[in-house]
Amino acid sequence: MENIILNLNNQITLTELISYFSPELICALGVILNLFLFLFFKRKSNAKRISDFITNGALILSLLFLSGICINSFLYNQNYEVYFINNLFVLDKSIILTKISLNVILLLFMFTHYKLNRKIKIKTPILNSILLLLLAVGNILISSTNMLLIFFFLDLSVFLIYKYASNMRIRQYEIYCPDFVFISFCSSFLFYSFYLCSLFIRNDLQLNIINVCLFLAVILKMGLFPFYNYQIDKNYKTNSAYSFLLFVYLPYLGICSFNKMSLYQNFNSNACFISIIAFILFAITIFSIFALKQKNLVKFFANTNSVFNLLVILNIIIFGYNNFNIKAGFNFAILFLGLYSLLAILKLNYNPNKINFNLITSIFFNNRFFAVLLSMLILIMSSIIYSGITASFLSIIKSFYLFDIYAFVGVILIIFAFMMILINSLKLIQNVYCFDKNLIKKQLKKRTTINYVVPVFSILFLVVKIFL
C-alpha cells in the first residue's frame, strides 16, 4: 500500500502525505467513534453528550493541526506549495487558511446548536458523523485542482446537508422534499453532461456556451438561482441547524468552489461574458426584492446572504481567482453565523413553527442584551455600521465600476438591492424596539453562553476586519 501511494507522486513521503491529510483523518476517526457509539451505546443516557464531546474534540484537534501547518508554512517556508497524487490535490497557505475557516464555522455551529440536536427523537451520533464528513469533504474540495472533482465534492456536500436534515425528526416525520432532490439532481445532471461534452468540442463559441451552462449548474447547486432554489423546501423553517447549513455554510463552500473553478473556466466570447454578468445582476435584484417582502427571519437572512454571495460571484467572473473572494465570503459566513446563533435562542425558548418578525416584537423590554446584539448585527448587515462587510462591498463595487464604462447600470442595480435590504432591516429593528405591553414575550430563559459569545465574536471580528 505504501508503494502504491508513493508511486503516485515521488515528491513526498508517506509520513508527509498523512500529515497533510491529518484533518481529514481526524474527521474519519471521529465518524468511526460516533458510529460505534450509535450502534452499541445509543440507549445509554450519556451517549449524546459523549458524541458531542468526540465531535468537538475532533473539530478542535483538526483546527490545531491546521494551525500548526499554517504557522510552520509562514515561519519557515515562504513559498509553501505541495502537489500530490498526480497533482490532483495541492496544499498552500491560502488553502490552509480556507480549511481553517471551514473548521471555525462548523465548530461554532456545533457549539451554538448542540442543545437543538439533543432532542429525544434525534440521532445525535449520526448527525455528528454527518457533520464531520461534511467538514472532511469540504477540506478535500478546497485542495482539489480538477474542476470535475471540485463539483463532485460540492455535490456530495449538498447530499450530506440533506441527510443531516433528514435525520432530524423533531416533529415525528422525516424531512423529505422532492423539489430539493430535483434541484440537486438537475444541477448535477447539467454539470456532468456539459462537462462531458466539453471534452469532445474544440470550437471556441461552443466551448463558451458550454461554460455558461456549467456556470448555471454550479449556481443552481449553490442555491443562488432566482425563483427556483432550496427555499422551496419548507422544512428548513422549523429547523435552525438545517437552515444554517443550507443558506450559510453551503454558499460559502460554493464560493470556495467557484473561486477554484475560475482557474479552469474562460469566457472568450463577449456575448457569453456579458450575458453571465446580466444574469448575476438580475439574480441580485430578484433576491433583494424577495428580502424586502419577507417577514420570516430565516428567509430574510437567506435572501440577503444570496445577494451578498452573488456579488462575490460577480467579482470572480470579472477578475478571476483571488483570495479576496474567500475573505469576503468568510466575512458573510461569520455575520450570519452570529445571526443564526440568536435564532437558535429563539428556537430553544419559543419552539415556534416559523420565526417571524412578530416573534421579536418588543423583545428589547425584557431581553435587552439579545435585542442589542441582534440590532448591531442587522445594522452591520445593512452597512449602516461600517465593518468588514461594508469594506468588502465597497471594494467589489469600486472594482466593478472601474472595469467598464457601462458598469454604472450594474452599480445602480446593486445600490437598489442594498436599499431593499436596508428598508426591511429597519422594519425589523423597529419591531425589536416597539413598545406594546400586549406583545412583550416571555423571558429567554433557555440559553447557552456560546449562543451569546458567537454574536459578540462576529461583531468584533467584522469591526477588526476594517483594519486588516
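**Student:** So what's going on with the side chain of asparagine 139? Residues and values would help.
**Tutor:** Its location among the elements puts asparagine 139 in helix H6 (residues 124–143). In contact with asparagine 139, other than residues within four places in its own chain, are Pro23, Glu24, Lys99, Leu102 and Asn103.

**Student:** Describe the packing of aromatic side chains, naming the residues involved and giving the relevant values.
**Tutor:** Tallying each qualifying case throughout the model produces 33 aromatic pairs. Between the aromatic rings of phenylalanine 308 and phenylalanine 336, the centroid separation amounts to 5.9 Å while the plane-to-plane angle is 50 degrees, which identifies the pairing as tilted. Here the residue phenylalanine 308 occupies a position in helix H12 (residues 297–319), and phenylalanine 336 occupies one in helix H13 (residues 323–350), the gap between them amounting to 28 residues. Just as phenylalanine 308 is buried, phenylalanine 336 falls in that class too. Between the aromatic rings of phenylalanine 330 and phenylalanine 461, the centroid separation amounts to 5.5 Å while the plane-to-plane angle is 90 degrees, which identifies the pairing as edge-to-face. Here phenylalanine 330 is found in helix H13, whereas its partner phenylalanine 461 is found in helix H17 (residues 449–464), with 131 residues between them in sequence. Each member of the aromatic cluster is reached from another via a ring pair, and the members are Phe109, Tyr164, Phe244, Phe300, Phe301, Phe308, Phe332, Phe336, Tyr340, Phe357, Phe393 and Phe418.

**Student:** Go over a nonpolar patch on the surface with me, naming the residues and quoting the values.
**Tutor:** A cluster of nonpolar side chains, contributed by Tyr401, Leu402, Ile405, Tyr406, Phe408, Val409 and Ile412, occupies part of the molecular surface with about 830 Å² of accessible area. Every element with two or more residues in the nonpolar patch is listed here: helix H15 (388–403) and helix H16 (408–432). By residue number, the principal contributor to the nonpolar patch is H16, which donates three residues. Among the structural elements, isoleucine 412 can be located in helix H16. Given a relative accessible area of 52%, isoleucine 412 falls into the exposed group.

**Student:** Requested: an account of the packing of H12 against H13, with residues and values cited.
**Tutor:** Pairs of packed helices are described in terms of their axes, by the angle between the two and the distance that separates them. One can describe the packing of H12 onto H13 by two numbers: an axis separation of 10 Å at closest approach and a directional angle of 175 degrees. The angle between H12 and H13 falls in the class roughly antiparallel. Contacts between H12 and H13 involve Leu297, Val298, Phe301, Ala302, Thr304, Asn305, Phe308, Asn309, Val312, Asn315 and Ile316 from the former and Phe324, Asn325, Ala328, Phe332, Leu335, Phe336, Leu339, Tyr340, Leu343 and Leu346 from the latter. Here the residues of the contact of H12 with H13 sort into 16 nonpolar, five polar and no charged.

**Student:** Residues and numbers for the confidence of the model for the protein, please.
**Tutor:** When pLDDT is averaged across the protein, the result is 83; 88% of the residues are at 70 or more. Under a pLDDT of 50 for its full length, residues 1–10 has, in the predicted model, 13 contacts with residues more than four places off or in other chains.

**Student:** Kindly report on helix H9 (residues 204–222), identifying the contributing residues and their values.
**Tutor:** Its 19 residues place the ends of H9 27 Å apart at the C-alpha level, agreeing with the 27 Å of an ideal helix rising 1.5 Å per residue. Directly after H9, the chain includes glycine 223, whose backbone phi takes a positive value near 85 degrees.

**Student:** Pulling in residues and values, what's your account of the side chain of serine 144?
**Tutor:** Residue placement: serine 144 occurs in the loop between H6 and helix H7 (147–166). Assessed through its relative accessible area of 0%, serine 144 is described here as buried. The contacts of serine 144, once residues within four sequence positions are left out, are Leu88, Phe89, Leu149, Ile150, Phe153 and Lys260.

Parameters and conventions
Residues numbered from 1 in each chain as written. Predicted model: local features only at pLDDT ≥ 70, side-chain atom pairs only at ≥ 80, totals over all residues. Heavy atoms only, no water. Helix = DSSP H or I, 4+ residues; strand = E, 2+ residues; numbered from the N terminus. Contact = heavy atoms within 4.5 Å. Phe/Tyr/Trp six-rings, centres within 6.5 Å; stacked < 30°, edge-to-face > 60°. Buried < 20%, exposed > 50% of the residue type's maximum accessible area, 1.4 Å probe, protein only. Patch = residues over 30% accessible without salt bridge, like charges linked within 9 Å, V, L, I, M, F, W, Y side chains within 5 Å. Areas by Shrake-Rupley, 256 points an atom, 1.4 Å probe, with all protein chains shown as cover. Salt bridge = Lys/Arg side-chain N within 4 Å of Asp/Glu carboxyl O. Axes fitted to C-alpha atoms, helices over the stretch in contact; angles between N-to-C directions. Parallel < 35°, antiparallel > 145°, perpendicular 65-115°, else oblique. Nonpolar A, V, L, I, M, F, W, Y, C, P; charged D, E, K, R; others polar. pLDDT = per-residue confidence, 0-100. Expected span 1.5 Å × (residues − 1).

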